[in-house]
Amino acid sequence: MQLIQNTPDLSAYLAASGVIDHRHPVVREIAARLAGDATDSYDYARAAYEYVRDAVPHSRDSGDPRVTWRASDVLELGTGICHAKAHALAALLRAEDIPTALCYQRLADDDGGGHLVHGLVAVRFRGGWHRQDPRGNKPGVHASFSLDGERLAWTPRPESNELDYRVLYAEPHPAVLAALRAASDRDHLWQSLPTAL
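Reading the values: the criteria
Residues numbered from 1 in each chain as written. Predicted model: local features only at pLDDT ≥ 70, side-chain atom pairs only at ≥ 80, totals over all residues. Heavy atoms only, no water. Buried < 20%, exposed > 50% of the residue type's maximum accessible area, 1.4 Å probe, protein only. Helix = DSSP H or I, 4+ residues; strand = E, 2+ residues; numbered from the N terminus. Pairing = 2+ DSSP bridges. Phe/Tyr/Trp six-rings, centres within 6.5 Å; stacked < 30°, edge-to-face > 60°. Expected span 1.5 Å × (residues − 1). Arc of directions from axis to C-beta. Contact = heavy atoms within 4.5 Å.

A closer look at the pairing of strand S4 (residues 128-132)
Reasoning step 1: Most of S4 is tucked away, with five of its five residues classed as buried.
Reasoning step 2: Burial along S4 is two-sided: Gly128, His130 and Gln132 facing one way and Trp129 and Arg131 facing the other are all buried.
Reasoning step 3: Strand direction decides the pairing type here: strand S3 (residues 115-125) and S4, joined by five bridges, are antiparallel. Bridged to Arg124 within S4 is Trp129.
Reasoning step 4: With antiparallel pairing between neighbouring strands as the criterion, S3 and S4 make up a hairpin whose turn holds two residues, including Arg126 at a positive phi of roughly 55°.

Structure representation (structure tokens):
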């Protein structure tokens, strides 16, 4: 699948913002610790991915009702849904000058009653973009960091009207961010997440 940048300027995928706040002290401290143990940028990217995937539980899996969306809050509070975890991973990667985009899938929700937009990141290595899913593993869901073929949590099933969105965003999609910011708790968020982009 060919991924398409929504802006041609690669520097946009390194920028700090109110959501991907990679200059925040919490983000900088975790990035410095992970970078201190890494041998190169690829090793750092893998370590950052595994940190967000494994050390920040997906709030639906853990039962945490709090909604986070700012990268520093996700890392400090240690909770978030897929979108929040993607923001945290983007911040950690951009903190070490690794271009990182946000990208999305449309998947059937767990109860089969509709669809939800699922959040991922894409990292730029070897002259191309490589999608990664920091959602967090659980029984039946296994994702890992890879530049040699995708190892995402889910592969969309066209027969269930699931799909991959090809656009790579420098900032969160406005519909996703609006739902995150407006939600009073995770249950409310689950009812207001976009079903398509």
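Some thoughts on the packing of aromatic side chains
Reasoning step 1: Per the counting criterion, the structure on display carries five aromatic pairs.
Reasoning step 2: Pairing Tyr42 with Phe125 gives two aromatic rings, centres 6.3 Å apart and planes at 75°, and the pair type is edge-to-face. With Tyr42 in helix H2 (residues 41-55) and Phe125 in strand S3, the pair connects residues that are 83 residues apart, well separated along the chain.
Reasoning step 3: Residue Phe125 is classed as buried on the basis of its relative accessible area of 11%.
Reasoning step 4: Three or more aromatic residues joined by ring pairs form one cluster here, namely Tyr42, Tyr49, Phe125 and Phe145.

Structural notes on the pairing of S3
Reasoning step 1: Of all the eleven residues making up S3, ten are buried; the element is thus mostly covered by neighbouring parts of the structure.
Reasoning step 2: Two strands pair when backbone bridges link them, and strand S2 (residues 100-108) and S3 are joined in this way by nine bridges, in the antiparallel orientation. The residue of S3 that forms the bridge with Ala101 is Ala122.

Remarks on helix H1 (residues 25-37)
Reasoning step 1: Between its first and last C-alpha atoms H1 spans 19 Å; for 13 residues at 1.5 Å apiece the expected length is 18 Å, and the two agree.
Reasoning step 2: Three or more residues of H1 are buried, namely Val26, Val27, Ile30, Ala31 and Leu34. Axial view of H1: buried residues confined to an arc of 120°, hence all on one face. Residues Pro25 and Gly36 are exposed on H1 and point more than 90 degrees away from its buried face.
Reasoning step 3: Turning to H1, the residues buried within the fold contact H2, helix H4 (71-77) and helix H5 (82-95).

Topic: the environment of Ser144
Reasoning step 1: When you line up the elements, Ser144 lands in the loop between S4 and strand S5 (163-164).
Reasoning step 2: Sequence-wise, Ser144 and Gln132 are twelve residues apart; in three dimensions their C-alpha atoms are separated by 7.5 Å.
Reasoning step 3: Each residue touching Ser144, except ones within four places of it in the same chain, is listed here: Tyr49, Arg53, Gln132 and Arg151.

The quantities given are spatial measurements derived from coordinates; they are silent on function.
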